[in-house]
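Fold and geometry: a report
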Amino acid sequence: MIQQSINEELKCQEHNEQAIFIDFSIKDSRLQNKCLKCVGRERQLWVDVQEADRHLENVKQTVLNEKQFLHQKNLEVLQELSSQLKQLKITFNNNLDKTLLNIDQQIEFIQKAIDKENKSIIGLKISQLDSFESQNNSVQLQQIDYQQLQSFYGEQIKRLRMDQQFIQFEENLKKIEYNQKDSIQEVIQTFSSGIFQSSRILNQNWHCDNHQLQVALVDLNEQGVVPNRLACIDCVTEYPIKYTKLEQLKQFWLDYVDKTLNYQEQQQINLNEKASKAMQRFSVYQEVISNLVQQLTQTILLRNTPNCQVTQNLIKLKTKNWYQLDKSEIIEISNLMSITKKQEIINDSIRNEFKGLQIQLKTNFLDSFKTFQENLIAAFQQIYEEIQIELNTVETEQYSNNSPVTESGNLQLQNQNTMKQPFKYEIINTIKDQRIETFAFNENHSLLAVGYYDSNKIKIHEFNQGQMIEIQELTDHKQCIFCLNFFKQSQQLLSGSFDNTIIIWEMDSNNKWNFKFSLNGHGGGIYCLSLNNNENQIISGSADKSIKIWDKDQEWKCIQTLSVHKNQITSISLSQSNQYLVSCSSKDEQIFIFKFQVDQKLWIQFQAIKMDNWGFKVCFLENLTFAFQPFNNTKMYIFQINNSNNQFIKECEVEVKAGNSCYHLFPLQFIQSKLMIINRNGGTINFIRKQENGSYITQFFIDYEADRIFGTMSEDGQYLITWDKQSQEIQIRQYRE
């Protein structure tokens, strides 16, 4: 009864008992089931029945999954292609119908015009010849412009081609994958190959070093205990540790290799995608230039089409029928024709009128070209930054549990080869002085402006290799000075004061600085100032919780006020392309990002980032990346725009030194030539360098042991100047490697 209940497929044919092995001997190609009574003979060539069954199920499931995935993917591609073709058909037919209708209308119009013209010519009589000239002019005005028609329908045909849609269709068509293998045969081959390899592993002449018996297990503990890690059954009692079967080792190894190869493949795919996206963005630049050139041409030609007033009356009289002129018109013509130098007089009038038009054309052209240049530079910079993002974005992935990761989840790259050259800033000069809230170097650090706290004065110094020579004192502000900024394209200086005003100073021909213009409108002290690249916009942040945009058209005036923060504005920063503006506010746990609309010349809110803690300082770095320093925090945050959603996200955190207190003046500063961020955080100035692998590391810091430190660095990173409450002196430091 028991014998009859045994599955025929799992029965030993020799002893008619439950099979526990499958004989996979190379001497006989047929698979044979073996029971316990068969164990004594050539056991090393057999495979466990249950293991073989599990292996078969895995193989079948794998093949089914692969086939199902292939079919499903190809079905999705075909469905998408069908949808594309339907849409293509609709678009093509609609455009074709519109074009055909337009051409039919033109044909009807031209035929009517031809009939009218023929009748006019055929019906012409000798008695009408006197008025032929005026009639002929009238006919000419009705002529069809065939050249314009040719150009117009040429553009229509180009639109009908829809090249990009066809290209996209062809690209999608390439996504269809194929696999011609027979499914059942693939299962058999995969199963046989796997079992055969398994049996070969079990039948190799592998013996453990201690007992010289067949290896059945391996020691994969980090600190290996078993000699050479290979163990037999007798090793289990001698080394009571956790073992791994040979078959499991094989699977671990294959998984590891596959995972490594997949990772490499994914990195290659990512690299190719970035290169492709970068090239796509670059190709857009040609279209940007074409559009800007077209806008410039239309602006100039349409706005400056000459319309000579001197000849208008002549044309009016000439086009009239001579015998229909009234008496006054005949007199007017007679008076004109009686003048001896009539041609010179009329030519002088025409020349003077066209001279004025030429002057106007020149002015309009220069204004339009300047706008074109600004838009072109902005467009180029935007595309350049987007390409840089595509090529330079580093995606950090946690590959294994052995990767060194901090508590915040940031990979700590300690490879010394990526570190920049060690450096420091050595004191080369000190000067005792009253409390100074702000400093500013000009572009080549030949001039240094200093703003004081206890008075309303600004001092201008000549600066030469760390030596300061005072040349002038400016006292037009009424209260302390909080921010200073030199123009780069002109000899001008910008200052912001607690008296709520901004003053523009200008150097005259005698190298003297004079008051030029005052910007009034803020209801609180001016804490931060920024200039755009063209230096025709000033952006100011104030204690009145607002950001104002001052534009120089004919003269400086406020064109926009941004009121989104809840408290005083402590820091603002423009991106390198001037496309984005970032700001933060005291005790306001938000960072706001604004985007410039070129066509409207206005800033709009682009993004608001909620923070767990507030901070005083933000600063754009490069490639649409900016830094943010939370208040009294040992971490500085790096944000970067994300390509997938076009939003700024936090990329990483950088370890920095912090003090017990902090003050908003002495803004974050990025030195492009040294890829270095200067971050005064509490009583410490941190010097953070960008590494070759894209990470940021604090390489050097200066501890002042003071809660009031003010300063700046020259644009080339050579000189650092500070005033601190502890020493009550100006300290000038120079870069040393």
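I will try to describe carefully the structure that is included in this document.

Parameters at a glance
Residues numbered from 1 in each chain as written. Predicted model: local features only at pLDDT ≥ 70, side-chain atom pairs only at ≥ 80, totals over all residues. Heavy atoms only, no water. Buried < 20%, exposed > 50% of the residue type's maximum accessible area, 1.4 Å probe, protein only. Helix = DSSP H or I, 4+ residues; strand = E, 2+ residues; numbered from the N terminus. Pairing = 2+ DSSP bridges. 1 Å grid on protein atoms, 1.4 Å probe; cavity = no way out; pocket = protein on both sides within 12 Å on 5 of 7 lines; lining within 4 Å. Points joined across faces, edges and corners; volume = space filled by probe spheres on them. Nonpolar A, V, L, I, M, F, W, Y, C, P; charged D, E, K, R; others polar. Axes fitted to C-alpha atoms, helices over the stretch in contact; angles between N-to-C directions. Salt bridge = Lys/Arg side-chain N within 4 Å of Asp/Glu carboxyl O. Patch = residues over 30% accessible without salt bridge, like charges linked within 9 Å, V, L, I, M, F, W, Y side chains within 5 Å. Areas by Shrake-Rupley, 256 points an atom, 1.4 Å probe, with all protein chains shown as cover. Parallel < 35°, antiparallel > 145°, perpendicular 65-115°, else oblique. Left-handed = near helix turned anticlockwise from the far one by under 90°. Contact = heavy atoms within 4.5 Å.

1. Regarding the pairing of strand β20 (residues 569–574)
By the criterion of burial, β20 is predominantly enclosed, with 6 of the 6 residues buried. Relative to strand β21 (residues 580–585), β20 runs antiparallel, the two being bridged by 5 bridges. Across the sheet, residue S571 finds its bridge partner in β21, namely C584. Linking two consecutive strands that pair antiparallel, namely β20 and β21, is a turn of 5 residues; a positive phi of about 65° is found at N578 within it.

2. Describing empty space enclosed by the protein
Any space left empty among the atoms is revealed by the rolling of a water-sized probe across them. Under the counting rule described, the total for this entry stands at 1 cavity of 30 Å³ or more. When contributions to the lining of the largest cavity are tallied by element, the ones reaching two or more residues are β24 (615–620), β25 (625–630) and β29 (676–681). Taken together, the residues of the lining of the largest cavity break down into 4 nonpolar, 2 polar and 2 charged.

3. Notes on the sheet that holds strand β19 (residues 556–562)
Strand order in the open sheet formed by 4 strands is β16-β17-β18-β19, and the pairing between neighbours is antiparallel. Here the strands that pair on one side only, and so sit at the sheet edges, are β16 (526–531) and β19. If you compare each strand with its neighbour and ignore which way they point, the axes differ by 25° on average. Relative to strand β17 (residues 537–542), β16 is paired through 5 bridges, and the arrangement is antiparallel. Paired with C528 across the two strands is G541, which belongs to β17.

4. As for the pattern of salt bridges
Per the stated rule, a full pass over the model turns up 10 salt bridges. A salt bridge links E426 to K424, with the nearest nitrogen and oxygen atoms 3.1 Å apart. Classification of E426 as partly exposed rests on a relative accessible area of 31%. Here E622 and K690 are joined by a salt bridge, their closest N and O atoms 2.8 Å apart.

5. Focus on a nonpolar patch on the surface
A contiguous nonpolar surface patch, about 420 Å² in accessible area, is contributed by L314, L336, M337, I339 and I345. By the element assignment, I339 lies in the loop between α10 (327–337) and α11 (342–392).

6. Some points on the packing of helix α9 (residues 312–319) against α10
In the contact formed by α9 and α10, the axes pass within 12 Å of each other and the chain directions differ by 125°. Between α9 and α10, the crossing angle belongs to the class labelled oblique. In terms of crossing hand, the pair formed by α9 and α10 is left-handed. Packed against α9, whose contacting residues are N313, L314 and L317, the element α10 presents E329, E332, I333 and L336 at the interface. Partitioned by chemical class, the residues of the contact of α9 with α10 number 4 nonpolar, 1 polar and 2 charged.

7. Some words on unusual backbone geometry
Backbone geometry at N500 places phi at a positive 75°, although glycine is not the residue there. Under the relative-accessibility criterion, N500 is labelled partly exposed at 24%. If you check the backbone angles, N511 has positive phi at about 65° while not being a glycine. Here N511 shows up in the loop between β14 (501–507) and β15 (513–520).

So far we have only geometry, and geometry alone does not tell us how the molecule works.
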